[in-house]
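Each chain is listed here by its residues.
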Amino acid sequence: MTAEHSNLTAAQGGATVIPVAVIVNGVTRGATVPARRLLSDFLRHDLRLTGTHVGCEHGVCGACTVLLDGEPVRSCLMFAVQAAGREVTTVEGCGTLAELGPVQQAFADCHGLQCGFCTPGFVTTITAYLRENPTPTEAEAREAISGNLCRCTGYQNIVKSVLRAADLIGEQS
């Protein structure tokens, strides 16, 4: 065991800790975390980006979805160290309160949320999807969101939000 490893291990009461730097929403951010810290916990607890929600903790519900190098991933299923040096986009990186991103605006326009718990995962999932398929049909929109679960809605307004977001993005182009 190296002196550096010994110091890192001792700092966490025996758990190995590792410095992790990630580009989050365009800014390099980092913290020294236990080696087995989940990306969702790293974002929420270490970086204080609480927009990413943790629902089922098994990768089923999609609430914790973030974009890793532009691709949707379940942040509750990967370790923070796996994201080191990579680009992560959270819901906070998809727009601001002052200037909503197109998917966020579409959710507001179409009443695509109720309690809002699942919304960050939908926003990131839809953001990535519309980059690949900018003009989806209603059936394609339904398929795109099929991996994200919502307990409050019948998905009708979420599907409308996907289609509205596509229109908004098309208007920006």
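Residues numbered from 1 in each chain as written. Predicted model: local features only at pLDDT ≥ 70, side-chain atom pairs only at ≥ 80, totals over all residues. Heavy atoms only, no water.

(A) Quick peek at the pattern of salt bridges. One pass over the structure, following the stated rule, counts five salt bridges. Between D69 and R86 there is a salt bridge; the shortest N-O distance is 2.8 Å. Taken together, the residues D69 in the loop between β3 (65-68) and β4 (71-74) and R86 in the loop between β4 and β5 (87-89) connect sequence positions 17 residues apart. Residue classification places D69 among the partly exposed residues on the basis of a relative accessible area of 42%. Among the ionic contacts, a cluster of salt bridges with common partners joins D109, R164 and E171. (Salt bridge = Lys/Arg side-chain N within 4 Å of Asp/Glu carboxyl O. Helix = DSSP H or I, 4+ residues; strand = E, 2+ residues; numbered from the N terminus. Buried < 20%, exposed > 50% of the residue type's maximum accessible area, 1.4 Å probe, protein only.)

(B) The sheet that holds strand β1 (residues 17-24), seen in detail. An order of β2-β1-β5-β3-β4 is seen for the five strands of this open sheet, with the pairing classed as mixed. In this open sheet, the two strands that pair with only one neighbour each are β2 (27-34) and β4. When the angles between neighbouring strand axes are averaged without regard to direction, this sheet yields 40 degrees. Where β1 lies against β5, two bridges are found, and the strand directions are parallel. When the sheet's bridge partners are listed, I23 is paired in β5 with E87. Each of β1, β2, β3 and β5 is contacted by helix α2 (residues 39-46), which is oriented at about 105 degrees to β2, the strand it contacts most. Strands in contact with helix α4 (residues 119-132) are β3, β4 and β5; relative to β3, the strand with the most contacts, it is inclined by about 40 degrees. (Pairing = 2+ DSSP bridges. Axes fitted to C-alpha atoms, helices over the stretch in contact; angles between N-to-C directions. Contact = heavy atoms within 4.5 Å.)

Purely spatial values, then, with no claim about function.
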